[in-house]
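Secondary and tertiary structure notes
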Amino acid sequence: MFVLELTYTAPVERADALLDAHVAWLDAQYTAGVFIASGRKNPRDGGIILAAGVDRAEIEKIVAADPFTVEDVCAYRITEFYATKTADALAPYREQLPA
């Protein structure tokens with residue numbers, strides 16, 4: 001599983017101008033089954049996305065296609081972790097530690 005942390009590198013007005021395209025990109029990843037949660041950080045200096053079901057190389061490709069990345073309005077920090085314990089509702093995303 002991945003935590004994708006977006007931090008704006010440009011004024012928030014530039015992000016707002018790209019918001020519709022960013023949301024369409026998010027929706028495509030939800031439809032593909034990759035994203036499981038997302039939202040703005042508070043204070044509003046970026047956002048957080050939880051992603052699962054793909055490897056790091058695929059996550060990097062997905063992040064590179066975000067309109068925020070393409071237009072250079074944010075930087076991503078990608079953190080991979082093993083979700084070995086979850087709430088019951090997230091049981092399908094539970095992972096085993098690698099051998």
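Each remark here, short or long, concerns the structure printed above.
Thresholds, definitions, all that
- Residues numbered from 1 in each chain as written.
- Predicted model: local features only at pLDDT ≥ 70, side-chain atom pairs only at ≥ 80, totals over all residues.
- Heavy atoms only, no water.
- Buried < 20%, exposed > 50% of the residue type's maximum accessible area, 1.4 Å probe, protein only.
- Helix = DSSP H or I, 4+ residues; strand = E, 2+ residues; numbered from the N terminus.
- Arc of directions from axis to C-beta.
- Polar contact = N/O pair within 3.5 Å; in protein donor to acceptor, adjacent residues only side chain to side chain.
- Pairing = 2+ DSSP bridges.
- Axes fitted to C-alpha atoms, helices over the stretch in contact; angles between N-to-C directions.
- 1 Å grid on protein atoms, 1.4 Å probe; cavity = no way out; pocket = protein on both sides within 12 Å on 5 of 7 lines; lining within 4 Å.
- Points joined across faces, edges and corners; volume = space filled by probe spheres on them.
- Nonpolar A, V, L, I, M, F, W, Y, C, P; charged D, E, K, R; others polar.

This next bit is on helix α3 (residues 56–64). For α3, the complete set of buried residues consists of Ile59, Ile62 and Val63. All buried residues of α3 fall inside an arc of 95° around its axis, so they share one side. Between the side-chain oxygen of the N-cap and the backbone nitrogen of Ala57 there are 3.3 Å, and the N-cap of α3 in question is Asp55.

Here we take up the sheet that holds strand β1 (residues 2–8). In spatial order, the strands read β2-β3-β1-β4; together these four strands make up an open sheet with antiparallel pairing. Looking at strand neighbours, the two that pair on one side only are β2 (35–40) and β4 (74–80), the edges of this open sheet. For this sheet, the mean inter-axis angle between neighbouring strands, taken without regard to orientation, is 15°. Here six bridges tie β1 to strand β3 (residues 46–51), and the two strands are oriented antiparallel to one another.

On to the pairing of β3. Here five bridges tie β2 to β3, and the two strands are oriented antiparallel to one another. Counterpart to Arg40 in the pairing with β3 is Gly47. Taken together, β2 and the strand that follows it, β3, pair antiparallel across an intervening segment of five residues.

Roughly 180 Å³ of volume is contained in the largest pocket. As for the largest pocket, its lining consists of 14 residues, and the residues nearest its centre are His22, Leu26, Gly39, Arg40 and Gly47. Of all the elements in the fold, those that place two or more residues in the lining of the largest pocket are β1, α2 (19–31), β2 and β3. Per-element tally for the lining of the largest pocket: the top contributor is β3, with four residues. Per-class residue counts for the lining of the largest pocket are seven nonpolar, five polar and two charged.

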